[in-house]
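What follows is each chain in one-letter form.
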Amino acid sequence: MYHNIRKLSDANIKNKTVVVRVNFDVPINNGEITDNTRIASSVKTIEYLVENNCKVVLISHMGRPEGEAVDDLSLMPARFELGKLLNKPIKFAHIEACENSIKFMEQGEILLLENLRFHKGEESKKAKEREEFIKPLAALCDIYVNDSFGVYREHASVLELPQLLPSYAGFAMVKEIEALSKIDESPESPYIAVIGGVKMDTKIPILKSLVKQVDTMLIGGAMAYTFLKAQGVSIGDSKFEKENLKTAEEILKSAEKNKCEILLPVDHIAGKEFKENTKPIEITTQQIPKGHYGLDIGPKTMSQFREVIESAKTILWNGPMGVFEWENFNKGTEAIGEYIALSTPKDAYKIAGGADTTYAMLKLRIKPKRFNHVSIGGGMMLNFLSGGKFKVLDVLCGVQKISE
Ligand code: AMP
């Protein structure tokens, strides 16, 4: 898929003004970036443009300010993080006042624009409004590069801007597409998916098509409780999504029809409160008693999952197995991450992805180098692998003008 994407490496960019859509939507705690994976992923593209004497204008979003300026969602911390990574000062401006900043920057300099989502035009539902918002920026630049895998909604900076300028995919984007295409087109069997986390809503359509492709699906995290509940298993007070019980049932049925085995936790680590310091209680059965929250998978589940992981030839991992942010409930995620990283046959093809997954890997010291690829976009990765089509990628291929 998307083999015909126009690549930055094929473009004539010397001395040009290049606007690069990056994905600097990084997790921040008390003003500190806790995982810089997304920023680091664009360094290669930025350095390449600097070496080619370009003026580099970076654009990104951060969080969901919904058209208002929100101090906590400023890209200022990303500016300093990028400066550290490149060992170079990074200029900073707001899009509405960037004309002079771009005109007067030197070739080889880098300018980061403030969070585009501070403006309603970026995310407007109307293509016309999005185009109006982004047109002035297009007029100041010669070339557009998209290096923000993971951003696939129809927003001005990823859909309209590339239609106003010659547009190319950056190095990180090309790497994502090539790594994922390898799984998408010829996954070696046994092909397994390890899915966790909590956001079932965004993952459901994808799980529906993934069960048609993978041999086994291991489900952990809060997501597992919706499936267990759908099977009539008592889950105590564990987090689950009532509105998705029916869909969980459908997915279980579809898996059976498609000969995809779904493994759910058979034991748990629970807590009596949904709090970081609640005492971890091992529940040795699949049923969780009332008054308990399932917060991690238990040791029996870990060893069942391990067996499947160790015999797999293709592994896709998205989402933690428990509340990995809390010391008492991170063992399941740590173990599963380690099994994937270390215990699989040497020639297995392994991909992990998603912001929470890369953060868990960093926190639990699971080495990205042990994976063939670590994707910066969890939702887009899963969508891509379940046959999703993306207008934001179409505009970087043959199609130049996309109609609404
Ligand atoms: P996602 O963004 O869907 O990958 O979800 C990640 C989040 O799921 C993390 O912040 C985890 O703390 C949370 N999570 C994982 N397992 C559980 C669980 N059993 N109960 C509540 N939250 C969970």
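Residues numbered from 1 in each chain as written. Predicted model: local features only at pLDDT ≥ 70, side-chain atom pairs only at ≥ 80, totals over all residues. Heavy atoms only, no water.

The name recorded for the protein in an unreviewed UniProt entry is Phosphoglycerate kinase, from Candidatus Dojkabacteria bacterium. One UniProt comment on the protein, placed under Sequence similarities (unreviewed entry), says "Belongs to the phosphoglycerate kinase family." Of the comments in the UniProt record for the protein, the one headed Subunit (unreviewed entry) reads "Monomer." (UniProt positions renumbered as here; feature names shortened; annotations may be inferred.)

Re the pattern of salt bridges
The tally for this structure, following the rule as stated, stands at 14 salt bridges. E160 is the partner of R130 in a salt bridge, and the nearest nitrogen-oxygen pair spans 2.9 Å. A residue pair is termed long-range when its members are at least 10 positions apart, and R130 in helix 6 (residues 127-140) and E160 in helix 7 (residues 156-164) qualify at 30 residues. Each of the two residues, R130 as well as E160, counts as buried. For E273, the salt bridge is made with K275, and the minimal N-O distance between the two is 3.3 Å. Accessibility expressed as a relative area gives 39% for E273, which makes it partly exposed. (Salt bridge = Lys/Arg side-chain N within 4 Å of Asp/Glu carboxyl O. Helix = DSSP H or I, 4+ residues; strand = E, 2+ residues; numbered from the N terminus. Buried < 20%, exposed > 50% of the residue type's maximum accessible area, 1.4 Å probe, protein only.)

Remarks on the site of the ligand
V198, K199, G294, E325 and D356 are the nearest of the 18 residues found near the ligand. At 3.0 Å, a backbone N or O of V198 approaches an oxygen atom of the ligand. Its residues assigned to classes, the shell around the ligand shows eight nonpolar, five polar and five charged. (Near = heavy atom within 4 Å. Polar contact = N/O pair within 3.5 Å; in protein donor to acceptor, adjacent residues only side chain to side chain. Nonpolar A, V, L, I, M, F, W, Y, C, P; charged D, E, K, R; others polar.)

Comments concerning the nonpolar core
Membership of the largest hydrophobic core comes to 77 residues, with the highest contact counts inside it found for L137, L210, M217, F227, I262 and L393. Lining this core are residues from two domains, each supplying at least three of them: domain 1 (8-176 + 389-397) and domain 2 (187-371). Sequence-distant contacts of F227, defined by excluding residues within four places in its chain, comprise M200, L207, I219, A248, I251, L252 and L264. (Core = buried A, V, L, I, M, F, W, Y, C linked by side-chain atoms within 4.5 Å. Domains from an automatic or database assignment. Contact = heavy atoms within 4.5 Å.)

Remarks on helix 15 (residues 378-385)
The buried fraction of helix 15 amounts to seven of the eight residues, a majority that puts the element mostly inside the structure. Those residues of helix 15 that fall on the buried side of the exposure criterion are G378, M380, M381, L382, N383, F384 and L385. One or two residues past the end of helix 15 sits G387, with phi positive at roughly 85 degrees.

Considerations on the UniProt feature "binding site: substrate" (unreviewed entry) in the protein
Annotation from UniProt places "binding site: substrate" (unreviewed entry) at R38, H61, M62, G63, R64, R117 and R153. According to the relative accessible area criterion, G63 is buried, its value standing at 18%. Once residues lying within four places of it in the same chain are set aside, the contact partners of G63 are D25, L73 and R117. By the secondary structure assignment, R117 is in the loop between strand 6 (110-113) and helix 5 (120-123).

With respect to the pairing of strand 9 (residues 191-195)
Along strand 9, five of the five residues are buried, which leaves the element largely enclosed by surrounding structure. Alternating residues of strand 9 divide into Y191, A193 and I195 and I192 and V194, and every residue in both groups is buried. Where strand 9 meets strand 15 (residues 314-318), five bridges bridge the pair, whose relative direction is parallel. Pairing of A193 across the sheet is with L316, part of strand 15. Judged from the four bridges that link them, strand 9 and strand 10 (residues 216-219) form a sheet pairing that is parallel. (Pairing = 2+ DSSP bridges.)

Brief notes about the sheet that holds strand 7 (residues 143-146)
On the basis of which strands lie adjacent, the open sheet formed by six strands has the order 5-6-4-1-7-8 and parallel pairing. Each having just a single partner strand, strand 5 (91-93) and strand 8 (167-169) make up the two edges of the open sheet. The mean inter-strand angle of the sheet, taken between neighbouring strand axes irrespective of direction, is 25 degrees. For strand 1 (residues 17-21) and strand 4 (residues 55-59), the ladder comprises five bridges, and the chain directions are parallel. Counterpart to T17 in the pairing with strand 4 is K55. With respect to the sheet, helix 7 is in contact with strand 1, strand 4, strand 7 and strand 8, its orientation differing from that of strand 7 by roughly 145 degrees. (Axes fitted to C-alpha atoms, helices over the stretch in contact; angles between N-to-C directions.)

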